[in-house]
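Observations on the model geometry
The residues making up each chain are set out below.
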Amino acid sequence: MIEKPFSLDQAFSAETYIYATLHVPTQESLPLYQSTYGWEQFLKIVVNNETKISNVDSEATSESMRYDLRGNRLDSPQRGMNIIRMSDDTVRKVVVK
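Conventions and cut-offs
- Residues numbered from 1 in each chain as written.
- Predicted model: local features only at pLDDT ≥ 70, side-chain atom pairs only at ≥ 80, totals over all residues.
- Heavy atoms only, no water.
- Helix = DSSP H or I, 4+ residues; strand = E, 2+ residues; numbered from the N terminus.
- Buried < 20%, exposed > 50% of the residue type's maximum accessible area, 1.4 Å probe, protein only.
- Contact = heavy atoms within 4.5 Å.
- Areas by Shrake-Rupley, 256 points an atom, 1.4 Å probe, with all protein chains shown as cover.
- Core = buried A, V, L, I, M, F, W, Y, C linked by side-chain atoms within 4.5 Å.
- Pairing = 2+ DSSP bridges.
- Axes fitted to C-alpha atoms, helices over the stretch in contact; angles between N-to-C directions.
- Patch = residues over 30% accessible without salt bridge, like charges linked within 9 Å, V, L, I, M, F, W, Y side chains within 5 Å.
- Salt bridge = Lys/Arg side-chain N within 4 Å of Asp/Glu carboxyl O.

Quick look at the overall build of the chain
Scanning the chain for helices and strands turns up 2 helices and 5 strands. Its helices and strands in sequence order give the chain the pattern α-β-α-β-β-β-β, from N to C terminus. Taking all 97 residues of the chain together, the buried fraction comes to 25%. Counting only contacts in the chain whose residues sit at least 6 apart along the sequence, the fraction spanning at least 24 positions is 32%. Entry remark: accessible area of the chain is about 7,600 Å², with carbon and sulfur atoms responsible for 50%.

And the structure:
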């Protein structure tokens, strides 16, 4: 998203200004959009808070499966490269010595 809006030389259609919602990146950028040519005509301008990470809990995930490089399931850590699928469906590569 654009933090600091630029003037639009070619404006949108009237229908766009009426029916579309303009999502801006921060509360601080809202007045900038509301006062910049081309953007200020949107009837609905909202701050997009959906992309901000507010809290990360590193203890929230746990190991659900472990594999070797050939794709064989392991019951416990084995020497070499282990591929671990976590409970949140992320994957980690771990070297066991």
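Read on, since the account is not over.
A look at the nonpolar core
Note on soluble globular proteins: their nonpolar side chains tend to be buried together. Judged by nonpolar contacts, Leu8, Tyr17, Leu22, Val24, Leu30, Tyr33, Trp39, Phe42, Ile45 and Val47 together constitute the single largest core of 10 residues. For this core, the elements supplying multiple residues, two or more each, are strand S1 (21–24), helix H2 (30–34) and strand S2 (44–47).

Digging into the sheet that holds strand S3 (residues 63–67)
Overall, antiparallel pairing links the 3 strands, which are arranged S3-S4-S5 in an open sheet. Only two strands of the sheet have a single partner each, and these edge strands are S3 and strand S5 (91–96). The mean inter-strand angle of the sheet, taken between neighbouring strand axes irrespective of direction, is 30 degrees. As judged from the 4 bridges shared by S3 and strand S4 (residues 80–86), these two strands associate in the antiparallel manner. What sits directly across from Arg66, in S4, is Ile84.

Observations regarding a nonpolar patch on the surface
There is a patch of nonpolar side chains on the surface, built from Ile18, Tyr19 and Leu43 and spanning about 400 Å² of accessible area. Relative to the helices and strands, Tyr19 resides in helix H1 (residues 14–19).

A word on the environment of Leu74
In this structure, Leu74 sits in the loop between S3 and S4. The spatial distance from the C-alpha of Leu74 to the C-alpha of Ile84 is 9.6 Å, given a sequence separation of 10 residues.

Any functional reading would require information that these geometric values do not contain.
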